[in-house]
Amino acid sequence: QVHVVESGGGLVQAGGSLRLSCAASGRTFSSYAMGWFRQAPGKEREFVAAINWSGGDTYYADSVKGRFTISGDNAVNTVYLQMNSLRPEDTAVYFCAATRLSWTVLTTTGGYDYWGQGTQVTVSS
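The structure contained in this document is the topic of the report that follows. If you're wondering where the values come from, they're calculated on a predicted model, not measured in any experiment.

A separate point is the sheet that holds strand E3 (residues 18-26). Strand pairs in the sheet, formed through backbone hydrogen bonds, run parallel or antiparallel to each other. Overall, antiparallel pairing links the four strands, which are arranged E1-E3-E8-E7 in an open sheet. Pairing within the sheet leaves two strands with one partner each, and these edge strands are strand E1 (2-7) and strand E7 (68-73). Shown here is a sheet whose adjacent strand axes are inclined to one another by a mean of 15 degrees, direction ignored. The pairing of E7 with strand E8 (residues 78-83) spans six bridges and is classified as antiparallel. Each bridged residue has a counterpart across the sheet, and for serine 71 the counterpart in E8 is tyrosine 80.

What follows is the structure in structure tokens.
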């Protein structure tokens, strides 16, 4: 069992930055690949970014490419999502997820085994 807990959300003006953190506990963190998803009110949960266990492979949704960066630190069992140049359309609850398919970068929710409770990100115009 792996527990993931997100933090770092908040209210920011358009053009600003936030860094989300995802702390994982349980089995060896490096045995998992990690992903970030988001869900806005009335919309389906959508993929944002993913990273495999070694950190060698990352993948981003087109909507965030060039603005968001996913990274991981196995020493502290934490994955980060650095979000720059934020836009009002980035407003959503952001979720962190872990998959036992550690070598992959998955973009679909069904591939992930463990989910956090989410953290709210609100971008004002």
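From this point, the narrative continues.
Moving on to the state of the cysteines. Disulfide: a covalent bond formed between the sulfur atoms of two cysteine residues. Under the criterion given, the structure shown has one disulfide. Two residues, cysteine 22 and cysteine 96, share a disulfide whose sulfurs are 2.0 Å apart. The sign of the -80 degrees torsion about the S-S bond sets the cysteine 22-cysteine 96 disulfide as left-handed. One end of the pair, cysteine 22, is in strand E3; the other, cysteine 96, is in strand E9 (residues 92-99), with 74 residues separating them in the sequence. Accessibility expressed as a relative area gives 0% for cysteine 22, which makes it buried. Classification of cysteine 96 by relative accessible area gives buried; the value is 0%.

Definitions and limits used
Residues numbered from 1 in each chain as written. Predicted model: local features only at pLDDT ≥ 70, side-chain atom pairs only at ≥ 80, totals over all residues. Heavy atoms only, no water. Pairing = 2+ DSSP bridges. Helix = DSSP H or I, 4+ residues; strand = E, 2+ residues; numbered from the N terminus. Axes fitted to C-alpha atoms, helices over the stretch in contact; angles between N-to-C directions. Disulfide = S-S within 2.5 Å. Buried < 20%, exposed > 50% of the residue type's maximum accessible area, 1.4 Å probe, protein only.

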